[in-house]
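An overview of the molecular structure
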Amino acid sequence: MTSTFLPSADKQPGPDADVPPPSVGPAPGRARRRALHWLTAVGFQVPALLLFLVLVLLPMLFALYAAFFRWGGFGMPSDYVGADNFTRLFDDPVFLGDLWRCLVLVLLSLAVQLPFALAMAVLLNQKLRGRAFYRMLFFGPYVLSEAITGVLFGMIFAPDDGFADRVLGGIGLDGLGGEWFADPSTVMATLFLVMTWKYFGFHMMLYLAGLQSIPRELTEAALIDGANAWQRFRGVTLPLLAPTLRISVFLSVIGSIQLFDLVWVTTAGGPDHHSETMAVTMFQYGFKRYQVGYASAISVVMFGISLVFALAYQRFVLRRDLEGATTTMRGGAK
């Protein structure tokens, strides 16, 4: 009877027999949590991606499509003209003037606006009484909208009875006053003055942030070695501030290429197109003359110029900064 119910000895596994290990896998609770985290991440990204698709990507693709048509903006484009809108661009003296004015604004920004912002940042990085107030004062214009800035300076530089002419007249410099925005010979200089007042505070704050990230021990060591103020700035401050300077230059150039609202409010491109930018010309043709196909071609060229500059700048100027960031991230991941 006993042999009937007990397994035989030859069927019992010995102590040295290979026993398959139990299956090891993620616990059901952990798997559910991972799936929930993944779904949550996707749920947060989908609305942003949809907005980007609907408000950015699709309009860009449609503008590229419309640039090959003669289209007034009503209905769907149907009068296909090929590349005629693009060839017309480079025969248009207004658009060629826009390119020249864009180059002038870029050069003036790099040669005047950014050095002035850097000088003010270095000054306000010192221990000065009331420096917090001056920082707020210089950064304040950037907070104002371009529309408010344009209206304000439209009144300041109004011919004859504007605030600027009255101040100059009050100190006996009537001859320096003029028509400002109304004179083709002075409109670009006046516009650049307004741009500098509006935007230099932003770059100044960028430089201040970069200056405050420089270890004080380095400048103190240079001072102990006998370096004067200029030598400390040139040998210590400027090289360590270079990444911030490169980002500032990039933002300034892209902003000059796409400048629109400040020009539109102050001069609307006048007098006689002497202050027009590419964006203003695009707006004039698209919403004033209803030549949306031609305006779309201008927008495509603007995008192409910005893209080529951004890629070239990243490849040849920001390469060291990006490689350093990638190396740091990889080192941290290890």
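1. As for the confidence of the model for the chain
- Confidence along the chain averages 87 in pLDDT terms, with 87% of residues attaining 70 or more.
- Every residue in residues 1–9 is under pLDDT 50, and counting partners more than four places away or in other chains gives 1 contact.

2. Examining the pattern of salt bridges
- As enumerated under the stated definition, the model contains 3 salt bridges in all.
- In this structure, Asp79 engages Arg70 in a salt bridge whose closest nitrogen and oxygen atoms are separated by 3.1 Å.
- Arg70 gets classed as exposed once you look at its relative accessible area, which sits at 55%.
- One salt bridge connects Arg101 with Asp98, and the closest N-O pair in it is separated by 2.8 Å. One end of the pair is Arg101 and the other is Asp98, both in helix H4 (residues 93–124) and 3 residues apart, which spans about a single turn.
- For Asp98, a relative accessible area of 1% puts it in the buried group.

3. Digging into the nonpolar core
- By size, the foremost hydrophobic cluster in this structure holds 18 residues, and its most contacted members are Leu105, Phe157, Val194, Met195, Leu259 and Leu262.
- The set of elements that each furnish at least two residues to this core consists of helix H7 (163–170), helix H8 (187–212) and helix H11 (261–266).
- Sort the elements by how many residues they give to this core and H8 lands first, with 7 residues.
- Apart from the residues within four sequence positions on either side, Leu105 is in contact with Met188, Phe192, Met195, Ser256 and Leu259.
- Judged by nonpolar contacts, the second largest core, of 17 residues, contains Leu89, Ile257, Ala279 and Tyr294.

Reading the values: rules and limits
Residues numbered from 1 in each chain as written. Predicted model: local features only at pLDDT ≥ 70, side-chain atom pairs only at ≥ 80, totals over all residues. Heavy atoms only, no water. pLDDT = per-residue confidence, 0-100. Contact = heavy atoms within 4.5 Å. Salt bridge = Lys/Arg side-chain N within 4 Å of Asp/Glu carboxyl O. Buried < 20%, exposed > 50% of the residue type's maximum accessible area, 1.4 Å probe, protein only. Helix = DSSP H or I, 4+ residues; strand = E, 2+ residues; numbered from the N terminus. Core = buried A, V, L, I, M, F, W, Y, C linked by side-chain atoms within 4.5 Å.

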